[in-house]
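Tertiary structure, described
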Amino acid sequence: MRFPTKYGHFSDDGSAYIVTTPDTPRPWANVLANPDYGMILSHTGGGYSWVFSSKISMLTRWNQDMVGDADGKLVYVSEPARKKNWTINWNPCADAGGDFCCTHGIGHSTLERTLDDVHARMTCFVPPGDPLEVWLVELTNLSRATRTLHLQSYLDWLCDQWPDAHREFHRTFLETAYTPKTRTICARKRKCDVPHEGQTSPWWPYTAFHAVSLAPTYACGDRAAFLGRNRTLRDPQGLAAPQDKNAFGRYGDACASLRVAVKLAPRATTTVVFVLGAARTGAQAASLVRRYGSVDAARAALAKTKKHWQVLLGSLSCATPDKRVDVMANHWLKYQAIAGRMFAKTGYYQNSGAFGFRDQLQDSQVWLPLAPERARNHLKLCCGVQHRDGSVAHWWFPDTNIKHRSNCSDDFLWLPLILTQYLKETADVALLDERVAFDDGGQGTVLDHALCAVERGLQRLSPRGLPLLGDCDWNDGLSSAGDQMRGESIWLAHFLYLVLNEMITLLRRLKRDGPRARKCERAAAALRTALNKYGWDGQWFWRATTDEGAVLGAHACRDGRIFLNAQTWTVIANSAPSARQQQAMRAARRLLYKPYGSLLLYPGYTVPDPRIGYLTQYASGLRENGGVYTHAAVWSVLAEALLHDAPRAFDRFAALCPIKPARQAERYACEPYVLPGNIDGPASPTPGRGGWTWYTGSAAWLFHVLNSWILGVRATYDGLIIDPCIPAAWPRYTVARLFRGARVRITVKNPRRVSRGVRSVTVDGRPAKMPLTFAPGTSPVVVVTM
Ligand code: GLC
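The following refers to the structure shown. Not measured: the values here are computed from a predicted model. (Residues numbered from 1 in each chain as written. Predicted model: local features only at pLDDT ≥ 70, side-chain atom pairs only at ≥ 80, totals over all residues. Heavy atoms only, no water.)

1. Notes on the nonpolar core
Among the nonpolar cores identified, the biggest contains 231 residues, and Trp157, Ile746 and Val782 are the most heavily contacted of them. Excluding residues within four positions of it along the chain, Ile746 makes contact with Val713, Leu720, Ile722, Tyr733, Thr734, Val735, Val782 and Val784. In this structure, Leu136, Phe209, Ala279 and Ala301 belong to the second largest nonpolar core, which totals 18 residues. (Core = buried A, V, L, I, M, F, W, Y, C linked by side-chain atoms within 4.5 Å. Buried < 20%, exposed > 50% of the residue type's maximum accessible area, 1.4 Å probe, protein only. Contact = heavy atoms within 4.5 Å.)

Listed below in structure tokens is the structure:
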């Protein structure tokens, strides 16, 4: 049992979390997804499913309710002889009691309940390559009597964008049908609310299906027939009703329910499989049901799904003396970034369903050591939503015409930054010459796209030479400080400075575009001068100026006196003299570092200020308004590591790590296995309480920072560097990693118990010099002695 609290514990290897009570402070969820299909499932069985997009194409209905959490796809267990019924999902039959257990694993979740001498166990998963989910249900009779039990599913079709506020209108476009031979209920929707598939189409282009492995004794496609007027899901009439021949078609309120009856001898177990999915045609739906809808097929698919995730996540792993690091780095951070952010784009607290330009570019860093070709594809996808003027779609739904363009000031600059990261990892300079169409016509090479972004950055400067804030920069909540194009962003100045230097390095190495490199050098020098001249408050950097010329993040401000990003990023970008960087970080440590993370700003705004933006409208201490915004808090880990302050870097990691000591679990409230988006700050009555889990850019960043800057194994243009920045007490650790086609096994020994500094390196027993390069296909053994 690892890291036990009153709510549960990790499995020994850390790859699963076992929730042992339904009474967690919030729903604790798992995201099960492939790029085209997914489901989210809370420990008490709430959640929803989608095909194509978790926002504009939800298969089943859901209500975002962190308190009741009673909307899920249900499987009832009922026993006609005893007139009893309950669900394997804890909700909505919590009052029925029984023994509870939920295991959230990588790519699968299992709900278990034991009641009335019956043990029910339902494992849910989404196979890697197909648009469906499987529920593998095992029912065991624990008594000495033979029992006849019914297993019955229930789900509420949406087949549309969520939320859908007008059920009565939308139900007229839904149609359900039942095919007894294939044991399948199908649902189609004629009209849906959003433009889809590259055109504004009134068709939801799928056939949704729900099937079961045994011949059903009852099937229903109409909620009124299943539920019964004035009844609830706790005790629907459909559990005992005979088949109603009018329960399908176009005139009901669409749902799906399938009942099977099983006879169980004492101690016997039976297995039943339900599938749910959506295909392009009825024929494809039928073929998917055939492929997955039997017990053997489902078992094989579960094994394949587990293996798939193992392989996908397995290219980078570590073993350290701190098991929190191992659990998070080996399993959950990458799973969160991939399943939650790149595939599903959803969490219980936010379903986005879209690609955010800057968000998923940052997230795509998770691919670099695992599957760099996927980062490559994502970079090209992002080039494709760029206009020739360098501006980009702030977010978009792939394969549709739904895009949001904004006057945000940093989104487009993440393209060159992540591109250079990719090149350091892979040395794949051929990518730079691949051509990708601009969104507004014409083509450019990937390098052209990156340079366009830089060019746009250089055109958006104030008369003093500082970047304009526009609609917002990284901080969405600074939404009106600069929309008149006069306000300036100091954080963006650091960021642009970094991007310029990365591009200069790249162009110089490639010996390409000398004039452009020189232009960037002049611009970077001017920017550094301007930001140090106009952005310095005496002890720390300002955050921004507004259109009216007011300063944000200065000691004279009552609220919002100091902002984290303006301090951490001077270190990350190396945009100020070193003494000044140190000074800025000293102020950040003093005013922003809390035991539960680094605050985004302090103090939180208490009065809504339309001249600043919507962050001032959040309660003080929440989210961007003076909470720990974990995405940014990870940058404080990075900044400390860059300053070579190993104890502080690790302390900032530990503060953020969701694996809390047992005594903190209740206050923290959230899942111990994934990062939250935010943690309440000091102005909240519950400082240290997490929220907004799963859907946060912090996961990929923390994964990157842990591996590259704490364990210190990082890719550079010239090869791999091992530069530990670790707790001095660690005697040794190992890292296994794929690097440019070589399977590298690294052991770092720390006989002198230091936190930094490498004395010697050997590769396959021979002394070596860093950066290290290896022949593709080899399995070098690297030993580093600190
Ligand atoms: C949200 C947005 C992200 C933004 C951050 C800070 O996470 O998705 O784009 O940078 O908030 O406001």
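2. Side note on the site of the ligand
Around the ligand, the structure places Arg358, Asp359, Trp474, Asn475, Asp476, Glu624 and Tyr629. In this structure, Arg358 approaches the ligand through a side-chain N or O atom, which is 2.8 Å from an oxygen atom. The contact in question runs from an oxygen atom of the ligand to an N or O atom on the side chain of Asp359, over 2.5 Å. Of the residues that constitute the shell around the ligand, the class distribution is 2 nonpolar, 1 polar and 4 charged. (Near = heavy atom within 4 Å. Polar contact = N/O pair within 3.5 Å; in protein donor to acceptor, adjacent residues only side chain to side chain. Nonpolar A, V, L, I, M, F, W, Y, C, P; charged D, E, K, R; others polar.)

3. Regarding the sheet that holds strand β18 (residues 207–212)
What the 11 strands build is an open sheet, ordered β1-β2-β3-β10-β11-β12-β13-β21-β18-β17-β16; its pairing is antiparallel. Edge positions in the open sheet fall to β1 (2–5) and β16 (174–179), since each of these has one partner strand only. Here the strands of the sheet are splayed against their neighbours by 15 degrees on average, with no regard to which way each runs. Looking at chain direction, strand β3 (residues 16–19) and strand β10 (residues 99–105) are connected through 4 bridges and run antiparallel. Looking across to β10, one finds that Ile18 is bridged to Thr103. (Pairing = 2+ DSSP bridges. Helix = DSSP H or I, 4+ residues; strand = E, 2+ residues; numbered from the N terminus. Axes fitted to C-alpha atoms, helices over the stretch in contact; angles between N-to-C directions.)

4. Quick look at the sheet that holds strand β20 (residues 254–264)
The sheet built from 5 strands is open, its strands ordered β9-β8-β14-β20-β19 with antiparallel pairing. With partners counted over all chains shown, the strands left at the sheet margins are β9 (84–87) and β19 (218–222), one partner each. Strand-to-strand twist of the sheet, defined as the mean angle between neighbouring strand axes without regard to direction, takes the value 20 degrees. As paired strands, strand β8 (residues 74–79) and strand β14 (residues 147–154) are joined by 5 bridges and run antiparallel to one another. Residue Leu74 lies in a different strand from β14, and its bridge partner there is Tyr154.

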